[in-house]
Amino acid sequence: MMALPILNGFVSAIGNTPLLRIPSLSEETGCEILGKAEFLNPGGSVKDRAALYIIEEAERSGRLKAGGTVVEGTAGNTGIGLTHICNAKGYKSIIVIPETQSKEKIEILRTLGADVRLVPAVPYANENNYVKVAGRIAQEIPNAIWANQFDNLANKQAHYETTGPEIWRDTNGKIDVWVTSLGTGGTYAGTAEYLKKQNPNIRCIVADPYGSGIYSFVKTGTIQIEGSSITEGIGQGRITKNMEGMPADDAIRIDDKECIRILEHVLRKDGLFLGGSVGINLGAAYKIAKELGPGHTIVTVLCDTGAKYQSKVFNHEFLKEKGILP
Ligand code: PMP
């Protein structure tokens, strides 16, 4: 039996997640379809990594002092990661979240002890957008910092220094494609930059839901937004600082019908209960595998679990109302 190290609390348990081969999709396509099991992070999502790097950078730079407050605008997971870390390190958290996000995530944030501020979902251009509200709150409160995950490069750095190297190490460098969806872009861009540096032939592909402009940005150089998606935490209407200059060989758009089909498929066939953004990621990985043919290794991200979205992604009544299920 291989010994695992004893980890010192929440913070030490972040990262070093395994790559999970998805048996049903790998066998059907003849490719190795591998998902980085980010739902195994102690706060339950890929965002624990960015939350830790953002807080530790703020500590190092002296912006975040003992007993301080971390303020953030988030679709939920970054707020959850930040609040766990704040609890572990003696800080407070104020989390601004659009009221359209799943009630499960909002309830988790309240239980963890975050000061949760629900705001209407309005576009980034509007001064009342959740990201801008968070920035203003941080300015008004003494000894508070704004985590600013979208434009704070500590986010991308987390993935450049951890997610990318772990994938390179655990595949022994045998990886043909890196594909994942973007919210802030930290996961995609940081990992893509690291992998391209190891081997420029690794294809880095953006996966995008409808209602987002990154697909058109990669394809045409301009942001154009079409349609919408029930997925949360992904899709973007601007090029964030974390996305600036990111390598992108191609982009794939996956609709909600395919997202839900693949989530139900991996739940029934592989026993994997995964969140909405993972349906976009696995949908893209599957499509790429079909296009490339057998013998390729495709790596994507299993961002969080389905339990956070039972009321939406796994609720057939909701899906019928949205026209996603017949
Ligand atoms: N999936 C989920 C469920 C998320 O919460 C997020 C973070 N917003 C992402 C994917 C995208 O990660 P990133 O912000 O690193 O682009």
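Residues numbered from 1 in each chain as written. Predicted model: local features only at pLDDT ≥ 70, side-chain atom pairs only at ≥ 80, totals over all residues. Heavy atoms only, no water.

This part is about the overall build of the protein chain. Looking only at helices and strands, the protein chain has 12 helices and 10 strands in total. Relative to its length of 326 residues, the protein chain is compact, with a C-alpha radius of gyration of 19 Å against a globular reference of 20 Å. In terms of principal-axis extent, the alpha carbons of the protein chain reach across some 55 × 50 × 40 Å. Burial statistics for the protein chain: of 326 residues in total, 57% are counted as buried. Residue pairs at least 24 apart in sequence account for 70% of intrachain contacts in the protein chain once pairs closer than 6 positions are excluded. Roughly 13,700 Å² of accessible area belongs to the protein chain as shown, and the carbon and sulfur atoms make up 52% of that amount. Of the side-chain charges in the protein chain, 35 are positive and 36 negative, and the distance between the mean point of each set is 1 Å. (Helix = DSSP H or I, 4+ residues; strand = E, 2+ residues; numbered from the N terminus. Rg over C-alpha atoms; globule rule 2.2 N^0.38 Å. Buried < 20%, exposed > 50% of the residue type's maximum accessible area, 1.4 Å probe, protein only. Contact = heavy atoms within 4.5 Å. Areas by Shrake-Rupley, 256 points an atom, 1.4 Å probe, with all protein chains shown as cover. Lys, Arg positive; Asp, Glu negative; His and termini not counted. Charge placed at Lys NZ, Arg CZ, Asp CG, Glu CD.)

Time to look at the sheet that holds strand β5 (residues 115-119). The 4 strands are arranged β5-β4-β3-β6 in an open sheet whose pairing can be described as parallel. Unpaired on one side and paired on the other, β5 and β6 (144-146) mark the two borders of the sheet. Adjacent strand axes in the sheet meet at a mean angle of 20 degrees when their direction is disregarded. When strand β4 (residues 92-98) meets β5, the two strands line up parallel, connected through 5 bridges. Along β5, the bridge assignment pairs Ile-97 with Leu-118. With respect to the sheet, helix α4 (residues 77-89) is in contact with β3 (69-73) and β4, its orientation differing from that of β4 by roughly 170 degrees. (Pairing = 2+ DSSP bridges. Axes fitted to C-alpha atoms, helices over the stretch in contact; angles between N-to-C directions.)

Spatially, 6 strands are ordered β1-β2-β10-β7-β8-β9 in an open sheet, and the strand pairing comes out mixed. Strands with a single pairing partner mark the edges of an open sheet, and in this sheet they are β1 (19-21) and β9 (250-254). Each adjacent strand pair in this sheet contributes to an overall mean axis angle of 25 degrees, direction not counted. Where β1 lies against strand β2 (residues 32-36), 3 bridges are found, and the strand directions are antiparallel. Bridging across to β2, Leu-20 finds its partner in Gly-35. Against the sheet, helix α7 (residues 154-170) contacts β1, β2, β7 (177-181) and β10 (297-301), and its axis sits at roughly 145 degrees relative to β2.

So, about the domain arrangement of the protein chain. When its domains are assigned, the protein chain resolves into domain 1 (10-41 + 163-319) and domain 2 (46-146). For domain 1 and domain 2, the distance between their C-alpha centres works out to 24 Å. Each side of the interface is counted separately: domain 1 has 25 residues, and domain 2 has 20 residues. In total, about 1,800 Å² of surface goes out of reach between domain 1 and domain 2, with carbon and sulfur atoms giving 55% of it. Linking domain 1 with domain 2 are 3 salt bridges. For the pair domain 1 and domain 2, the interface holds 14 residue pairs in polar contact (both at pLDDT 80 or more). Counting only elements with at least two residues in the side of domain 1 that touches domain 2, the list comes to α1 (9-12) and α7. Of the residues belonging to the side of domain 1 that touches domain 2, the class tally is 7 nonpolar, 10 polar and 8 charged. (Domains from an automatic or database assignment. Buried area = accessible area lost by both parts, 1.4 Å probe. Salt bridge = Lys/Arg side-chain N within 4 Å of Asp/Glu carboxyl O. Polar contact = N/O pair within 3.5 Å; in protein donor to acceptor, adjacent residues only side chain to side chain. Nonpolar A, V, L, I, M, F, W, Y, C, P; charged D, E, K, R; others polar.)

With that settled, consider the UniProt feature "domain: Tryptophan synthase beta chain-like PALP" (unreviewed entry) in the protein chain. In this numbering, the UniProt entry assigns the feature "domain: Tryptophan synthase beta chain-like PALP" (unreviewed entry) to residues 13-304. Summarising residues 13-304: 42% helix, 17% strand, and an end-to-end C-alpha distance of 16 Å. (UniProt positions renumbered as here; feature names shortened; annotations may be inferred.)

A separate point is the site of the ligand. Taken together, 15 residues sit near the ligand, with Lys-47, Gly-183, Thr-184, Thr-187 and Ser-277 positioned nearest. Contact distances for the ligand include 2.9 Å between an oxygen atom and a side-chain N or O atom of Asn-77. Gly-233 is positioned with one of its backbone polar atoms (N or O) 2.8 Å from a nitrogen atom of the ligand. In the complex, the protein chains occlude 96% of the 390 Å² of accessible area that the ligand would expose alone. (Near = heavy atom within 4 Å.)

One pass over the full model with this rule turns up 22 salt bridges. One salt bridge in this structure joins Asp-249 and Lys-196, with 2.7 Å as the shortest N-O distance. Taken together, the positions of Asp-249 in the loop between α9 (214-220) and β9 and Lys-196 in helix α8 (residues 186-198) put the pair 53 residues apart, joining distant regions of the chain. Overall, the relative accessible area of 18% leaves Lys-196 in the buried class. In the salt-bridge network here, residues are joined through shared partners; they are Lys-36, Glu-38, Arg-49 and Glu-166.

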